[in-house]
Amino acid sequence: MNARYLPYLLILPVTLFLCLFFLYPFILVAQQAFYADGGWSLKNFQDVTSHWKFPISFRNTMLLAAAVVPVQLALALLMATMVTRMQKGRDLILYVWTIPLGISDLAAGIIWLAIFEQSGFLNSMMSGLGVVDRPVNFLSYQHPGIVFLAIALAEIWRATAIMLVILVAGIGLIPKEYYEAAEVFGASPWKRFTRITLPLLRPSLQTALVLRVILAFEIFAVVAALGGTLFPVLMGETYAYQFDLLNGGAAAAMALIILAISIAFTLIIMRALRVPKGATI
Amino acid sequence: MAVIEIKNVAKRFGSYQALHDINLTIDDQEFMVLLGASGCGKSTLLRIIAGLETQTTGEVWIGGRRIDHLPPKDRGIAMVFQNYAVFPHLTVFENIGFGLRMQKLPNDEVKRRVERTAELMHIEQLLSRYSGELSGGQRQRVAVARALAMEPDVILMDEPLSNLDALLRMEMRAELKGVLAESNTTAIYVTHDQVEAMSMADRISVMHEGRIVQAASPIEVYRDPAERFVAGFIGNPPMNFLPAEPTGAGQWRVAGQTLKGPDLNRPLEFAIRPEDMTLSDAGLKAKAKVVEPLGAHLLVTAEVDGTLFRAVLDSDLKVSPGDVLTLAPTPDRIRWFDPKSHHAVQ
Ligand SMILES: Nc1ncnc2c1ncn2[C@@H]1O[C@H](COP(=O)(O)OP(=O)(O)OP(=O)(O)O)[C@@H](O)[C@H]1O
Ligand SMILES: [Mg+2]
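Residues numbered from 1 in each chain as written. Chains lettered and ligands numbered in written order. Predicted model: local features only at pLDDT ≥ 70, side-chain atom pairs only at ≥ 80, totals over all residues. Heavy atoms only, no water.

Looking at the overall build of chain A
And step 1. In terms of helices and strands, chain A carries 13 helices and two strands.
And step 2. Overall, the C-alpha framework of chain A stretches about 75 × 65 × 30 Å when taken along its three principal axes.
And step 3. Out of the 281 residues in chain A, the part that is buried amounts to 41%.
And step 4. Long-range contacts, defined as pairs at least 24 residues apart, comprise 71% of the intrachain contacts of chain A with a sequence gap of at least 6.
And step 5. A total of about 15900 Å² of accessible surface is found on chain A, and carbon and sulfur atoms cover 70% of it.
And step 6. Averaged over its 18 positive side-chain charges, chain A has a centre that lies 13 Å from the centre of its 13 negative ones. (Helix = DSSP H or I, 4+ residues; strand = E, 2+ residues; numbered from the N terminus. Buried < 20%, exposed > 50% of the residue type's maximum accessible area, 1.4 Å probe, protein only. Contact = heavy atoms within 4.5 Å. Areas by Shrake-Rupley, 256 points an atom, 1.4 Å probe, with all protein chains shown as cover. Lys, Arg positive; Asp, Glu negative; His and termini not counted. Charge placed at Lys NZ, Arg CZ, Asp CG, Glu CD.)

Some words on the packing of aromatic side chains
And step 1. The tally for this structure, following the rule as stated, stands at 19 aromatic pairs over all chains.
And step 2. Each ring, one from A:Tyr239 and one from A:Phe243, has its centre 4.9 Å from the other, and the planes form 45 degrees; the classification is tilted. Of this pair, A:Tyr239 and A:Phe243 both sit in helix 12 (residues 234-244), four residues apart, which is roughly one turn of the helix.
And step 3. The exposure class assigned to A:Tyr239 is partly exposed, which follows from its relative accessible area of 40%.
And step 4. Ring geometry for B:Phe31 and B:Tyr189: centres 5.5 Å apart, planes at 35 degrees, overall tilted. (Phe/Tyr/Trp six-rings, centres within 6.5 Å; stacked < 30°, edge-to-face > 60°.)

A short note on the domain arrangement of chain B
All names here are of chain B.
And step 1. We note that the domain assignment places domain 1 (4-233) and domain 2 (240-345) within chain B.
And step 2. Look at where the C-alpha atoms of domain 1 and domain 2 centre, and you get two points 38 Å apart.
And step 3. If you look at the interface, domain 1 gives 10 residues, while domain 2 gives 11 residues.
And step 4. Of the roughly 1000 Å² buried between domain 1 and domain 2, counting both surfaces, carbon and sulfur atoms make up 44%.
And step 5. Contact with domain 2 buries area across many residues of domain 1, yet Tyr 222, Arg 223 and Arg 228 alone supply 60% of it, more than any other trio.
And step 6. For the interface between domain 1 and domain 2, the tally reads three salt bridges.
And step 7. We note a salt bridge from Asp 224 to Arg 335, for which the minimum N-O separation is 2.8 Å.
And step 8. If you look at where domain 1 meets domain 2, you find seven residue pairs in polar contact (both at pLDDT 80 or more).
And step 9. Counting only elements with at least two residues in the side of domain 1 that touches domain 2, the list comes to helix 8 (218-223) and helix 9 (228-233).
And step 10. Considered class by class, the residues forming the side of domain 1 that touches domain 2 number five nonpolar, one polar and four charged. (Domains from an automatic or database assignment. Buried area = accessible area lost by both parts, 1.4 Å probe. Salt bridge = Lys/Arg side-chain N within 4 Å of Asp/Glu carboxyl O. Polar contact = N/O pair within 3.5 Å; in protein donor to acceptor, adjacent residues only side chain to side chain. Nonpolar A, V, L, I, M, F, W, Y, C, P; charged D, E, K, R; others polar.)

Details of the interface of chain A and chain B
Note: interface size is frequently given as the accessible area lost on complex formation between the parts.
And step 1. Listed per partner, the contact involves 23 residues of chain A and 26 residues of chain B.
And step 2. Together, the buried faces of chain A and chain B total about 2200 Å²; carbon and sulfur atoms form 68% of this surface.
And step 3. Contact with chain B buries surface across chain A, with A:Val184, A:Phe185 and A:Arg195 losing the most and accounting together for 34% of the total.
And step 4. Joining chain A to chain B, the criterion identifies one salt bridge.
And step 5. Counting the contacts that link chain A with chain B gives two residue pairs in polar contact (both at pLDDT 80 or more).
And step 6. A total of eight residues in the side of chain A that touches chain B trace back to one element, the largest contributor, which is helix 8 (residues 176-184) of chain A.
And step 7. Within the side of chain A that touches chain B, the residues separate by chemical class into 12 nonpolar, three polar and eight charged.

Quick look at the pattern of salt bridges
Residue and element names in this part refer to chain B.
And step 1. Here the structure, examined in full by the defined rule, presents 26 salt bridges over all chains.
And step 2. For Glu 151, the salt bridge identified is with Arg 116, shortest N-O distance 2.9 Å. With Glu 151 in the loop between helix 5 (136-149) and strand 7 (154-158) and Arg 116 in helix 4 (residues 107-120), this residue pair connects regions lying 35 residues apart in the sequence.
And step 3. Among the residues examined, Glu 151 registers a relative accessible area of 42% and is labelled partly exposed.
And step 4. Its relative accessible area of 41% is what places Arg 116 among the partly exposed residues.
And step 5. One network of salt bridges, with partners in common, ties together Glu 109, Arg 112, Arg 113, Arg 116 and Glu 151.

Some thoughts on the environment of A:Ala107
Residue and element names in this part refer to chain A.
And step 1. Here Ala 107 shows up in helix 5 (residues 105-116).
And step 2. Judged by relative accessible area, Ala 107 falls into the partly exposed class, the value being 30%.
And step 3. Distance from Ala 107 to Arg 158, taken between C-alpha atoms, is 9.8 Å for residues 51 residues apart in sequence.

Here's the deal with the packing of helix 3 (residues 53-85) of chain A against helix 7 (residues 144-172) of chain A
Residue and element names in this part refer to chain A.
And step 1. Interhelical geometry of helix 3 versus helix 7 gives an angle of 40 degrees and a closest axis separation of 7 Å. If you check the angle between helix 3 and helix 7, you find them oblique. Two packed elements cross with a definite hand, and for helix 3 against helix 7 that hand is right-handed.
And step 2. Residue composition of the contact of helix 3 with helix 7, by class: 22 nonpolar, four polar and one charged. (Axes fitted to C-alpha atoms, helices over the stretch in contact; angles between N-to-C directions. Parallel < 35°, antiparallel > 145°, perpendicular 65-115°, else oblique. Left-handed = near helix turned anticlockwise from the far one by under 90°.)

Some points on the site of ligand 1
All names here are of chain B.
And step 1. Looking at ligand 1, the residues that line it are Phe 13, Tyr 16, Ala 18, Ala 37, Ser 38, Gly 39, Cys 40, Gly 41, Lys 42, Ser 43, Thr 44 and Glu 159.
And step 2. Within the backbone of Gly 39, an N or O atom sits 2.8 Å from an oxygen atom of ligand 1.
And step 3. Separating an oxygen atom of ligand 1 from a backbone N or O atom of Cys 40 is a distance of 3.2 Å.
And step 4. Its free accessible area being 630 Å², ligand 1 has 61% of it covered by the protein chains.
And step 5. Mapped by element, the contributors of at least two residues to the shell around ligand 1 are strand 2 (16-26) and helix 1 (42-50).
And step 6. Considering every element that reaches the shell around ligand 1, the biggest residue donor is helix 1, with three residues. (Near = heavy atom within 4 Å.)

Regarding the nonpolar core
And step 1. Residues B:Ile96, B:Phe98, B:Ile123, B:Leu156 and B:Met157 are the most contacted members of the largest nonpolar core, which totals 134 residues.
And step 2. Examining the composition of this core, we find that 10 residues originate from one element, helix 13 (residues 248-272) of chain A, more than from any other.
And step 3. Apart from residues lying up to four places away in sequence, B:Phe98 is in contact with A:Ala182, A:Phe185, A:Ala187, A:Arg195, A:Ile196, B:Phe87 and B:Leu90.
And step 4. Within the second largest apolar cluster, 26 residues are counted, among which are B:Leu242, B:Leu259, B:Leu313 and B:Leu327. (Core = buried A, V, L, I, M, F, W, Y, C linked by side-chain atoms within 4.5 Å.)

Quick word on a nonpolar patch on the surface
Residue and element names in this part refer to chain A.
And step 1. A cluster of nonpolar side chains, contributed by Val 14, Phe 17, Leu 18, Leu 20, Phe 21, Phe 22, Leu 23, Phe 26, Ile 27, Leu 259, Ile 263 and Leu 267, occupies part of the molecular surface with about 1200 Å² of accessible area.
And step 2. Secondary structure elements with two or more residues in the nonpolar patch: helix 1 (6-33) and helix 13.
And step 3. A per-element tally of the nonpolar patch places helix 1 first, with nine residues.
And step 4. Here Leu 23 lies in helix 1. (Patch = residues over 30% accessible without salt bridge, like charges linked within 9 Å, V, L, I, M, F, W, Y side chains within 5 Å.)

Overview of the sheet that holds strand 3 (residues 31-36) of chain B
Residue and element names in this part refer to chain B.
And step 1. Taken together, the six strands give an open sheet; going across it, the order is 6-7-8-3-9-10, and neighbouring strands pair in mixed fashion. Where the open sheet ends on each side, the last strands, each with one partner, are strand 6 (77-80) and strand 10 (211-216). Here the strands of the sheet are splayed against their neighbours by 20 degrees on average, with no regard to which way each runs.
And step 2. Pairing of strand 6 with strand 7 involves four bridges; the strand directions are parallel. Pairing of Met 79 across the sheet is with Leu 156, part of strand 7.
And step 3. Lying over the sheet, helix 1 contacts strand 3, strand 6, strand 7, strand 8 (186-191), strand 9 (203-208) and strand 10, oriented at roughly 150 degrees with respect to strand 7.
And step 4. Contacting strand 6 and strand 7, helix 5 crosses the sheet at an angle of about 180 degrees to strand 6. (Pairing = 2+ DSSP bridges.)

Here it is as structure tokens:
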């Protein structure tokens, strides 16, 4: 066997698999998106973007990502640093903190619905304490701020752990000697975090952020459970086009728009956190 | 003035006693080498001085000031780490200037000091590179430059040359010694390489199982080992030992021969360095086992009275395995050790 061809031969099964189950459906979706009225056109894109709900759902998706991801990043960094410092019980804490990872997004939405709905925990607690005389419907059009907050909370609760896991692994890869050197040369704990941990964590931060941001643009089930139609998001609209309006072309166009946004942000993150050549651990 | 005083320092890791009651004074601008086998506690002692480890008991003083409760940055020290710890995400310039930046020195002062130390270490052309683009030797220079740029009172080095190849090591050894001699710093240098220790040190502290067994000049450590361990550790090949029985006032019986020694009436151990013997008519009978011509001299591994015994002889001699040599020890180079306490006996 020629050693030059061996690597290609070895990746062939995976490549075939991906072509069959990923690239091929993707091409079909793309075809569907660019196909309307019996010919190639951008009509589907024009239709979906000119719909009155598009700017709202676009803005909502972006706002949610902008509110949730930075909080998750900060929380995940804090938790990861704390876990890394821990001597005993570290694994136990990590397991507990990652429990939400095992819960599906719809289930997470329902859990938080049980808290916020009219007959939910929050209302029972507040009326029990005498703060309100009768249950308030938090998740209604009268309280858009609370709807947003509930969705953001549920998302933060549900999906911070995925960043945490990646960052804990990344911090574990940073040799202890760098911290000792920084300490000897006068870096305070905060400076050690900003001057050593953060820069050396760039590869992990990249992965965590890309993954998290893409997932944030795909938010759907939590919003459906908590906000319903009160809080339209891009993925929800895609679903509506496909299954309520039975407009496959429009749904495909929406899917491609979400993909384009994801790719754009991925490139921005990769660029912003890139590690110069020769500067890796 | 940076005299370092280590007073009764002990360190325990759980139930393991890594250091026992260390007492050591290092003079201002002295180059002190901590020498010992792997695991004897050299790094632990150095890290206690640096403040990266806390001693279980004892005190550390630098320049007349007790510093063992201070954080590393307030101790007036700089350190060169065993694996360099050159920050991979910073350029050589920023690495050397790291400590200066932490002190918030103005930019032009940082630049001046980084460039001066870089020049001293011959790495001025590497300033814009990252550590991933440097060879081991260059990285090592960066680590030293980073420490020197701090203009510290004390510089601590933990086996800084251990990852270099033999040739580069020899080169860096001389260079490092030269640079430090000019810099007026007190240096503590950890190594397990005795050649490095002998060639660089003003004084060597030989460590063994968490204790300092001898702290003296290289030549004294070599000629007059305070303990049997030092005698067996320093020198390549190490000292030879033979049991000795007293036979009268200052008379000793060693491998069937009578030798002059201390006036004591209990068994001792006779010790002699392999190069301190000559072929003669009277002396120890050694049966040659292995003969190694090493160019400059001839290393003969032999057996004396059933004990392994090495001799370094003139390379012109013709010796074959099986020959019986008569080796006369040079009288003033003979040393005696107490077989119980392992201390040297005068
Ligand atoms: N953090 C620690 N926890 C427990 N034991 C330790 C710790 N650090 C060091 N030791 C033990 O203390 C002893 C001395 O270690 P130290 O690192 O000082 O040795 P060393 O002389 O520097 O050896 P080497 O030449 O291999 O670097 C060793 O037996 C080591 O196992
Ligand atoms: Mg060590």
